[in-house]
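# Secondary and tertiary structure notes
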Amino acid sequence: FEVVSQKPLTEEKAKVVFKRLLKVISFFDKYQIAHRNIKPEGLMMKKEDDTDFLLTGNDFCCIDTGKLDDPCGTPNYVAPEIISKKKYGRKCDMW
């Protein structure tokens, strides 16, 4: 990965990236993994004109027990249940 310009994606490329991101989230859900820090800034595009990406912020990943309670994530994107200090699970990734 290298630093590229921050030009916006075309609508067609954005659709491809979003579908791939949903597949990643689906994979996490299948294996009961809570990422807890999914955000636009966490997508590192491989090349400027490509739709391949790397999802960063995996240091917050953990197995979902449904009883997670540690506050983590980025304040502007964190799910309400994390902020309110309630028990939460991987569904917080869909917030």
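Residues numbered from 1 in each chain as written. Predicted model: local features only at pLDDT ≥ 70, side-chain atom pairs only at ≥ 80, totals over all residues. Heavy atoms only, no water.

With that settled, consider the confidence of the model for the protein chain. Summary statistics for the protein chain give a mean pLDDT of 83 and a share of 92% for residues scoring 70 or more. Across the protein chain, element-level confidence peaks in helix α1 (residues 11–30) with a mean pLDDT of 90 and bottoms out in strand β2 (residues 43–45) with 81. (pLDDT = per-residue confidence, 0-100. Helix = DSSP H or I, 4+ residues; strand = E, 2+ residues; numbered from the N terminus.)

Formed by Ala-34, Cys-62, Leu-68, Cys-72, Val-78, Ala-79, Ile-82, Tyr-88 and Cys-92, the largest nonpolar core amounts to 9 residues. Residues in contact with Cys-92, not counting those within four places in the same chain, are Arg-36, Ala-79, Glu-81 and Ile-82. Val-17, Phe-28, Ile-38 and Leu-55 belong to the second-largest nonpolar core, a separate cluster that totals 8 residues. (Core = buried A, V, L, I, M, F, W, Y, C linked by side-chain atoms within 4.5 Å. Buried < 20%, exposed > 50% of the residue type's maximum accessible area, 1.4 Å probe, protein only. Contact = heavy atoms within 4.5 Å.)

So, on to unusual backbone geometry. The phi dihedral of Gln-32 is positive, around 55°, even though this residue is not glycine. Of note, Gln-32 is situated in the loop between α1 and β1 (33–34). Non-glycine residue Lys-85 carries a positive phi angle of around 60°. For Lys-85, the location among the structural elements is in the segment after α2 (80–83).

Here we take up the packing of aromatic side chains. Ring pairs (aromatic) are described by centroid distance and by the angle formed between their planes. Tallying each qualifying case throughout the model produces 2 aromatic pairs. Summarising the aromatic geometry, the rings of Phe-27 and Phe-28 are spaced 6.4 Å apart at their centres and angled 55° between planes, so their arrangement reads as tilted. Judged by centre distance (4.9 Å) and plane angle (50°), the ring pair of Phe-27 and Tyr-31 falls under tilted. Here Tyr-31 falls in the partly exposed class, since its relative accessible area comes to 45%. What links up through ring pairs into an aromatic cluster is the set Phe-27, Phe-28 and Tyr-31. (Phe/Tyr/Trp six-rings, centres within 6.5 Å; stacked < 30°, edge-to-face > 60°.)

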